[in-house]
Amino acid sequence: MGNISLTLNGTPVSAPQGMTILEVARENGIDIPTMCYLKDLAPVGACRLCVVEVEGSRTLVGSCHTPVTPGMVIQTHSPKVLEVRRVLIELMMASHPDTCIVCEAANCCELRLRATDLEVGMPRFRTRMHYFPVEDENPSIIRDMSKCILCRRCVAACDNIEGKKMFSLAYRGFETKVIYDLDKPIGSNETCRDCKTCITLCPTGALRLPMKFGQEKKGPVLYVKG
Amino acid sequence: MPQEKVVLRNCGAIDPADIKTHRAREGFKALEKARGMTPEEVISEIKTSGLRGRGGAGFPCGIKWEGARNSPGDEKYVIGNADEGEVGTFKDRYIIQNDPFSLVEGLAIAGYAVGARQGYIYLRWEYSYLLDLLRGAIDQARAAGYLDGFRIEVRQGAGAYVCGEESALMESVEGKRGEARYRPPFPTVAGLFQKPTTINNVETLMNVAPIVLKGGAWYAGMGTERSRGTKVFSVSGDVARPGVYEMVLGSPLRELVEGLAGAKDIKMIQIGGATGRIIPYDQIDAPLAFESYLGAGAITVYNRSRGVLEIVGRTMEFLAEESCGKCTPCRQGTEWLVETLDRFRRGEGAARDIGYMQVLADTMALSSLCGLGQAACSGLVDTLKYFRDDYDRGISGK
């Protein structure tokens with residue numbers, strides 16, 4: 001497979017065939033925000049945050065799963081793309097609880113980071129919230145599904161990295177939920193052990209380590225604009 | 001322009017449970033003729049005909065078949081999409097009920113042209129009562145020797161609208177959760193079980209036998225430049241004579257709605273079901289063609305007693321319920337729209353939400369993973385344009 005040429009944000013670049021737009025962009029120092037994407041795993045294409053403008057395409061295309069083609073003309077940060085990404089972040093936050101102030105993930109929350117990066121202002125789209133009881137019986141993991149934004153990283157990681165397939169998806173539409181077993185809380189005697197893979201990958205505070213009081217918070221203090 | 005029966009040629013004229021009555025009307029002659037041609041010749045004939053997909057997207061059928069034919073691989077599949085879930089369509093049910101043999105024949109010709117040894121018919125759960133009839137048609141065709149080297153299996157859906165979308169349909173046939181896949185790769189390259197696959201609507205497959213028998217040029221002689229042949233319409237709503245009508249493409253909408261179906265006092269017409277367009281009465285002279293609006297051919301007529309917000313709100317409730325929940329814009333966006341339209345229906349809407357609805361509609365159309373999310377707001381956007389007063393009346397304090 002030889003190299004192909006394409007235009008990325010007005011600059012001609014060359015890339016090996018079969019690479020995705022996202023990979024090519026990152027190789028050229030362009031940061032496209034992602035949420036469901038995990039390097040080295042098969043793309044999911046669910047969050048849509050990585051969409052870019054490709055000349056000749058009716059819609060925006062997901063850069064994490066679209067391979068580059070010869071002569072492709074790509075805009076990764078056009079005003080149209082940025083506005084769509086802003087709305088997508090707002091939609092992810094639409095049903096996300098406003099508990100950042102007491103959330104353990106607050107300082108290293110990717111949702112908050114992306115919202116800050118994209119200068120998402122006052123939320124325009126608020127919906128009802130999900131109220132799921134916090135699952136805190138297991139000594140290795142705490143799950144708060146109210147905070148889940150359905151990026152499916154935990155599903156992919158448990159399946160592909162740990163080979164355990166603990167999580168799957170159930171229900172549909174707004175009621176879609178990442179479930180454990182046949183949608184029961186993770187109890188204390190479950191197969192789930194302390195591999196921490198999904199906890200490390202969760203972009204929000206939905207999955208976390210059981211916290212003891214007085215424990216130090218992780219990550220640098222986030223600079224919040226505005 | 002009266003009705004022109006190509007797809008519905010045998011409906012009412014044959015016994016759907018008896019292959020002999022079908023054979024008496026040139027049944028399976030097209031399959032025999034196709035097998036005497038090369039697959040490339042069959043595809044070329046379909047391309048000449050200008051037949052486009054009848055499921056709503058209108059993709060040229062011949063190009064689809066050629067794509068799957070030319071994709072590398074020994075194992076290929078053809079699928080007949082009988083998951084007729086679009087709100088207000090019932091044409092495929094009528095077709096299967098009255099002429100299941102022509103569907104089997106069309107799928108067998110598709111299989112021959114593409115090079116598939118296995119075909120599937122994906123039947124929606126709500127049509128379970130057609131299962132015996134359809135299986136009976138397949139068995140009779142097999143017993144008569146028409147399906148040598150080609151196996152047809154009927155798979156049933158489980159009641160999800162989104163499984164009519166081709167990639168979710170394939171996931172469902174594979175036994176997985178019915179969720180849309182990203183494209184590329186397109187089904188013609190990596191479809192069912194990651195093998196080259198064509199998916200055609202029931203009605204598209206019904207057109208195949210006549211095209212093979214009478215030639216693509218005959219078919220291309222009907223219709224408009226970009227919409228060849230005939231189309232079956234399901235007309236319902238505030239009409240005197242609801243039902244299934246087949247017309248040459250390009251016929252005026254007025255002829256169908258007012259002439260054949262006998263609608264009076266029309267306020268607006270929804271064309272293409274829940275994800276379709278809504279047009280006001282003053283556009284009733286639009287032609288029924290891919291150039292204007294068509295979708296899967298669902299025509300729902302509303303008279304002046306109907307409220308715009310109620311129709312758009314209920315449509316959105318349906319789409320929110322049926323969204324697979326995979327991609328953010330569709331899952332979250334439909335929910336916000338349901339809640340917002342509900343506020344407008346109660347007269348508690350906020351003026352700025354009208355602008356937000358437009359912003360959200362653009363985002364959903366641009367970034368959703370499949371056609372459901374991309375087209376979910378078409379009716380909303382149309383009514384915001386043509387019936388803005390109805391929305392303004394829903395604003396709190398007005």
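Just so it is clear, the structure is predicted and the values come from calculations on it, not from any experiment.

Considerations on the overall build of chain B
Here's step 1: Helix and strand counts for chain B stand at 17 helices and nine strands.
Here's step 2: The C-alpha radius of gyration computed for chain B amounts to 21 Å, which stays within 12% of the reference 21 Å derived for 398 residues, consistent with globular compactness.
Here's step 3: Within chain B, the fraction of its 398 residues that count as buried is 58%.
Here's step 4: Here the analysis covers contacts within chain B between residues at least 6 apart in sequence; of these, 72% occur between residues at least 24 apart.

Describing the overall build of chain A
Here's step 1: The helix and strand inventory of chain A stands at five helices and nine strands.
Here's step 2: Judged by the C-alpha coordinates and their principal axes, chain A covers about 55 × 40 × 35 Å.
Here's step 3: For chain A, the residues scored as buried account for 38% of the 226 residues in total.
Here's step 4: Within chain A, contacts between residues at least 6 apart in sequence are counted, and of these 62% link residues at least 24 apart.

Here's the deal with the sheet that holds strand β5 (residues 230-237) of chain B
All names here are of chain B.
Here's step 1: Judged by pairing direction, the sheet is mixed, and its five strands sit side by side in the order β6-β5-β9-β7-β8 without closing on themselves. Two strands lie at the open edges of the sheet, namely β6 (243-248) and β8 (277-280), each paired on one side alone. With direction set aside, neighbouring strand axes in the sheet form an average angle of 30°.
Here's step 2: The pairing of β5 with strand β9 (residues 298-303) spans four bridges and is parallel. Considered in β9, the bridge of S236 is made with T300.
Here's step 3: In the packing of helix α16 (residues 378-386) onto the sheet, the strands contacted are β7 (266-271) and β8, and the crossing angle to β8 comes to about 20°.

Regarding the interface of chain A and chain B
Here's step 1: In this complex, chain A contributes 27 residues to the contact, which on the side of chain B involves 29 residues.
Here's step 2: Of the residues in the side of chain A that touches chain B, the class split is 14 nonpolar, nine polar and four charged.

Points about the sheet that holds strand β4 (residues 61-62) of chain A
Residues and elements named next belong to chain A.
Here's step 1: Pairing in this open sheet of five strands is mixed, and the strands run β2-β1-β5-β3-β4 from one edge to the other. On the outer flanks of this sheet lie β2 (11-16) and β4, each paired with one strand and no other.
Here's step 2: Direction of pairing for strand β3 (residues 51-54) relative to strand β5 (residues 73-75): antiparallel, over a ladder of two bridges. Bridging across to β5, E53 finds its partner in Q75.

Describing the domain arrangement of chain A
All names here are of chain A.
Here's step 1: Looking at chain A, the domain boundaries give domain 1 (3-77) and domain 2 (87-208).
Here's step 2: Opposite the 10 residues of domain 1 that make contact, domain 2 presents 13 residues.
Here's step 3: Looking at the side of domain 1 that touches domain 2 residue by residue, the classes come out as nine nonpolar, no polar and one charged.

Describing the domain arrangement of chain B
Residue and element names in this part refer to chain B.
Here's step 1: When its domains are assigned, chain B resolves into domain 1 (19-220), domain 2 (230-303) and domain 3 (308-393).
Here's step 2: Between the C-alpha centres of domain 1 and domain 2 the distance comes to 26 Å.
Here's step 3: The partner domain 2 presents 15 residues to the 13 residues of domain 1 that form the contact.
Here's step 4: Partitioning the side of domain 1 that touches domain 2 into residue classes produces three nonpolar, five polar and five charged.

Notes on the nonpolar core
Here's step 1: I109(B), L256(B) and V257(B) are the most contacted members of the largest nonpolar core, which totals 188 residues.
Here's step 2: Filtering out sequence-adjacent residues up to four positions away, I109(B) remains in contact with A30(B), L31(B), A34(B), V42(B), V208(B), A209(B) and V212(B).

Here's the deal with helix α2 (residues 79-94) of chain A
Here's step 1: In this model α2(A) runs 22 Å from its N-terminal to its C-terminal C-alpha over 16 residues, within 8% of the 22 Å that 1.5 Å per residue would give.
Here's step 2: Every buried residue of α2(A) is accounted for by V81(A), V84(A), R85(A), V87(A), L88(A), I89(A), E90(A), L91(A), M92(A), M93(A) and A94(A).
Here's step 3: Buried-residue contacts for α2(A) involve β3, β5 and α3 (110-117) of chain A together with α13 (328-345) and α14 (351-367) of chain B.

Describing the environment of L6(A)
Residues and elements named next belong to chain A.
Here's step 1: Take L6: it is sitting in strand β1 (residues 3-8).
Here's step 2: Through-space distance from the C-alpha of L6 to that of P70 is 5.9 Å; in sequence the pair is 64 residues apart.
Here's step 3: Sequence-distant contacts of L6, that is, excluding residues within four places in its chain, are made with V13, A15, V68, P70, G71, M72 and I74.

Focus: the packing of α2(A) against α14(B)
Each pair of packed helices can be summarised by the angle the axes make with each other and by the distance between the axes.
Here's step 1: One way to put it is that α2(A) packs onto α14(B) with a least axis distance of 10 Å and a crossing angle of 105°. Taken together, the axes of α2(A) and α14(B) are roughly perpendicular relative to one another. Across the interface between the two elements, V84(A), V87(A) and L88(A) from α2(A) touch V359(B), L360(B), T363(B), L366(B) and S367(B) from α14(B).
Here's step 2: In terms of residue class, the contact of α2(A) with α14(B) is made up of six nonpolar, two polar and no charged.

A short note on the environment of M222(B)
Residue and element names in this part refer to chain B.
Here's step 1: Among the structural elements, M222 can be located in the loop between α10 (216-220) and β5.
Here's step 2: For the pair M222 and P280, spaced 58 residues apart in sequence, the C-alpha to C-alpha distance is 28 Å.
Here's step 3: Beyond its immediate stretch of four places on either side in the chain, M222 contacts R228, G229, T230 and V248.

Details of helix α7 (residues 131-143) of chain B
All names here are of chain B.
Here's step 1: In this model α7 runs 18 Å from its N-terminal to its C-terminal C-alpha over 13 residues, within 8% of the 18 Å that 1.5 Å per residue would give.
Here's step 2: Turning to α7, its buried residues are L134, A137, I138, Q140 and A141. Down the axis of α7, the sector holding all buried residues measures 165°, keeping them to one side. In this structure, α7 carries D132 and A143 as exposed residues pointing more than 90 degrees from its buried face.
Here's step 3: Those residues of α7 that are buried are in contact with α1 (19-23), α5 (91-98), α6 (100-114), β2 (118-123) and β3 (151-156).
Here's step 4: Positive phi shows up at G145, right after α7, with a value of about 85°.

Things to note about the pairing of strand β1 (residues 77-82) of chain B
Residues and elements named next belong to chain B.
Here's step 1: Taken across its six residues, β1 has six buried, putting it largely inside the fold.
Here's step 2: What you see with β1 is no split at all: Y77, I79 and N81 on one side and V78, G80 and A82 on the other are buried throughout.
Here's step 3: Note that β1 and β2 share six bridges and pair parallel. Along β2, the bridge assignment pairs Y77 with Q118.

Describing the packing of helix α12 (residues 308-322) of chain B against α16(B)
Residues and elements named next belong to chain B.
Here's step 1: Put simply, α12 and α16 touch, their axes get as near as 10 Å, and they point 165° apart. Classified by the angle between their axes, α12 and α16 sit roughly antiparallel to one another. Considering only the axes of α12 and α16, their crossing is left-handed. Every residue of α16 that contacts α12 at V308, V312 and T315 is listed here: G379, L380 and T383.
Here's step 2: Its residues assigned to classes, the contact of α12 with α16 shows three nonpolar, three polar and no charged.

Cut-offs and rules
- Throughout this description, residue numbers start from 1 for each chain and increase along the sequence as written.
- Whichever chain is written first is A, and whichever ligand is written first is 1; the rest continue in order.
- A pLDDT threshold of at least 70 governs which residues receive local features in this predicted model, and a stricter bar of 80 or more applies before side-chain atom pairs are shown or counted, although totals over entire chains, interfaces and linings include all residues.
- The helix count covers DSSP runs of H or I at least four residues long, the strand count covers runs of E at least two residues long, and both are numbered beginning at the N terminus.
- With C-alpha atoms as the basis for the radius of gyration, the globule rule is written as 2.2 Å multiplied by the number of residues raised to the power 0.38.
- Buried, partly exposed and exposed are defined by the number of other C-beta atoms within 10 Å of a residue's own C-beta, namely 20 or more, between the two limits, and 12 or fewer respectively, with C-beta atoms placed from the backbone.
- Whether two residues are in contact is decided by their C-beta atoms, placed from the backbone, lying within 7 Å.
- Any two strands with at least two DSSP-identified bridges between them are counted as paired.
- Only C-alpha atoms enter the line fits that serve as axes; for helices the fit covers just the stretch in contact. Angles between N-to-C directions range over 0 to 180 degrees.
- Residue type decides the class: Asp, Glu, Lys and Arg count as charged, Ala, Val, Leu, Ile, Met, Phe, Trp, Tyr, Cys and Pro as nonpolar, and the leftover types, Gly among them, as polar.
- What marks off one domain from the next here is an automatic or database domain assignment.
- Nonpolar core, as used here: buried Ala, Val, Leu, Ile, Met, Phe, Trp, Tyr and Cys residues forming one set through C-beta atoms within 7 Å.
- One less than the residue count of a helix, multiplied by 1.5 Å, gives the span that helix is expected to have.
- Oblique is the label for any angle not covered by the other classes, which are roughly parallel (under 35 degrees), roughly antiparallel (over 145) and roughly perpendicular (65 to 115).
- The directions considered for the arc run from the helix axis to the C-beta atoms.
- In this scheme the handedness of a crossing depends on how the near helix is turned from the far one: anticlockwise by less than a right angle means left-handed, clockwise means right-handed.

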